[in-house]
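# Breakdown of the fold
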Amino acid sequence: MKQKSISELMNLGGKTAIVTGGAMGIGLGIVSRLAEAGANVLIADLDEKEGEKSADGKRVKFLKTDVSKEEDVKKMVEVAVKEFGGLDIVVNNAGIYPQKHVSEMTKEDFDKVMSVNLRSVFLCTREASKQMISQGRGGKIINITSIDALHPSMIGLAHYDASKHGVWGFTKNSALELAEHKIWVNAIAPGGIATPGVAKMSPAGASMEKFLAAFLAKIPMRRIGEPDDIGKVALFLASDLSSYMTGSQIVVDGGVLLS
Ligand SMILES: NC(=O)c1ccc[n+]([C@@H]2O[C@H](COP(=O)([O-])OP(=O)(O)OC[C@H]3O[C@@H](n4cnc5c(N)ncnc54)[C@H](O)[C@@H]3O)[C@@H](O)[C@H]2O)c1
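I will try to describe carefully the structure that is included in this document. (Residues numbered from 1 in each chain as written. Predicted model: local features only at pLDDT ≥ 70, side-chain atom pairs only at ≥ 80, totals over all residues.)

What follows is about the overall build of the protein chain. Looking only at helices and strands, the protein chain features nine helices and seven strands. Over its C-alpha trace the protein chain gives a radius of gyration of 18 Å, about what one expects of a compact globule, namely 18 Å for 259 residues. Here the C-alpha coordinates of the protein chain stretch approximately 55 × 40 × 35 Å along the principal axes. Taken across its 259 residues, the protein chain has 44% of its residues classed as buried. Sequence-distant contacts in the protein chain: of pairs separated by 6 or more residues, those separated by 24 or more amount to 72%. (Helix = DSSP H or I, 4+ residues; strand = E, 2+ residues; numbered from the N terminus. Rg over C-alpha atoms; globule rule 2.2 N^0.38 Å. Buried ≥ 20, exposed ≤ 12 C-beta atoms within 10 Å, placed from the backbone. Contact = placed C-beta atoms within 7 Å.)

Turning our eyes to something else, we now look at helix H6 (residues 158-178). With 21 residues, H6 extends 30 Å from end C-alpha to end C-alpha; this agrees with the ideal 30 Å at 1.5 Å per step. For H6, every residue scored as buried is listed here: His159, Tyr160, Asp161, Ser163, Lys164, Val167, Phe170, Thr171, Ser174, Ala175 and Leu178. Contacts from the buried residues of H6 go to helix H5 (107-135), strand E5 (139-144), strand E6 (183-190) and strand E7 (249-252). (Expected span 1.5 Å × (residues − 1).)

So, on to the pairing of strand E1 (residues 16-20). Two faces make up the sheet, and in a regular strand the side chains alternate between them. With five of five residues buried, E1 lies mostly within the body of the structure. Side-chain alternation along E1 places Thr16, Ile18 and Thr20 on one buried face and Ala17 and Val19 on a second face that is also buried. Once the chain exits E1 it traverses helix H2 (residues 25-36) before rejoining the sheet at strand E2 (residues 40-45), and the crossover so formed is right-handed. (Right-handed = clockwise from strand over helix to strand, strands pointing away.)

A few words on the site of the ligand. Neighbouring the ligand are 30 residues, the closest being Gly21, Gly25, Gly95, Thr195 and Gly197. If you list the elements that add at least two residues to the shell around the ligand, you get H2 and helix H7 (196-199). Taken together, the residues that form the shell around the ligand break down as 14 nonpolar, twelve polar and four charged. (Near = placed C-beta within 6 Å. Nonpolar A, V, L, I, M, F, W, Y, C, P; charged D, E, K, R; others polar.)

So, about the nonpolar core. With 65 residues, the main nonpolar core has Leu34, Val41, Ile43 and Ala234 as its most contacted residues. When residues in this core are grouped by element, the largest group, eight residues, is from H5. Leave out the neighbours within four places in its chain, and leucine 34 touches Leu12, Ala17, Val19, Ala39, Val41, Ile89, Ala234, Leu235 and Ala238. (Core = buried A, V, L, I, M, F, W, Y, C linked by C-beta atoms within 7 Å.)

With parallel pairing, seven strands are arranged side by side in an open sheet as E3-E2-E1-E4-E5-E6-E7. The sheet terminates laterally at strand E3 (60-64) and E7, the two strands that pair on one side only. Here the average twist between neighbouring strands, direction ignored, is 20°. Note that E1 and strand E4 (residues 89-92) share three bridges and pair parallel. Within the sheet, the bridge partner assigned to isoleucine 18 lies in E4 and is valine 90. Strand contacts of H2: E1, E2, E3, E4, E5 and E6, with the helix running at about 170° to E1, the strand carrying the most contacts. Of the strands in this sheet, E5, E6 and E7 are in contact with H6, which crosses E6 at around 160°. (Pairing = 2+ DSSP bridges. Axes fitted to C-alpha atoms, helices over the stretch in contact; angles between N-to-C directions.)

Contact geometry of H2 with helix H9 (residues 227-238) gives a least axis separation of 7 Å together with a crossing angle of 50°. By the angle class used here, H2 and H9 are oblique. In this structure, H2 meets H9 at a crossing whose hand is right-handed. Listed contacts from H9 to Gly25, Ile26, Leu28, Gly29, Ile30, Ser32, Arg33 and Leu34 of H2 are Pro227, Asp228, Ile230, Gly231, Lys232, Ala234, Leu235 and Ala238. Partitioned by chemical class, the residues of the contact of H2 with H9 number nine nonpolar, four polar and three charged. (Parallel < 35°, antiparallel > 145°, perpendicular 65-115°, else oblique. Left-handed = near helix turned anticlockwise from the far one by under 90°.)

Structural data, given as structure tokens:
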């Protein structure tokens, strides 16, 4: 059989993707590479202002969505199908990482992180996979976990780490279940990536540079990651370049887990 060329392998022309939390940060980095490879992309995000800015109204559209809400997620899949004619790729990226010590954490704090980071992955996978199964042409689901799905990065993220361990477990089991439908489910575990969400984490009064300096010292590559570092790996997982992968998690962290 003739081997596909690199450009054929990366070509997402005619495919439709949903990227949750795609209005900014890592999500936007992913939107930009999938769109460049030819995909139609629906950005599903809570932030209307940033979401509209990141869309072009043609191949990249925006839908205000709260991924923790069942009715919003159902609508998200319906809109992608209505606007673009089908669904082939879903990137479950939306997530929050508020810092709180366990001793001060309320039930509401814990439940909020679980619903946005973990329940959303279940809801989006259920709705997307139903659509993909009905189309009968397979699909790709990419879950954005974190190095915290493997090892804690800092104190104050116990609820977050529990949610990301959960997403990794959900990735493996759903990969096993959905394989018979040719729906491949993989995860990307980013390390420290410079995003608006991380910028907001710097303690009051401290600059992002100072906050990141402490983290930078732990990264063997001696640089903070960019959203495009994740966008490129998402393109790999969304495309035929990763034709023999399901149930895997790719760590993209500049080597930080080694330190
Ligand atoms: N930045 C990092 O260093 C890093 C490291 C590891 C993992 N991650 C993961 O990557 C993902 C993106 O992180 P980021 O740093 O780009 O965050 P960010 O805060 O910069 O952007 C997150 C986006 O998600 C949206 N969002 C939040 N809650 C939502 C909801 N309920 N429904 C829909 N959209 C919602 C926000 O509006 C925003 O556009 C998260 O899952 C995060 O846990 C980030």
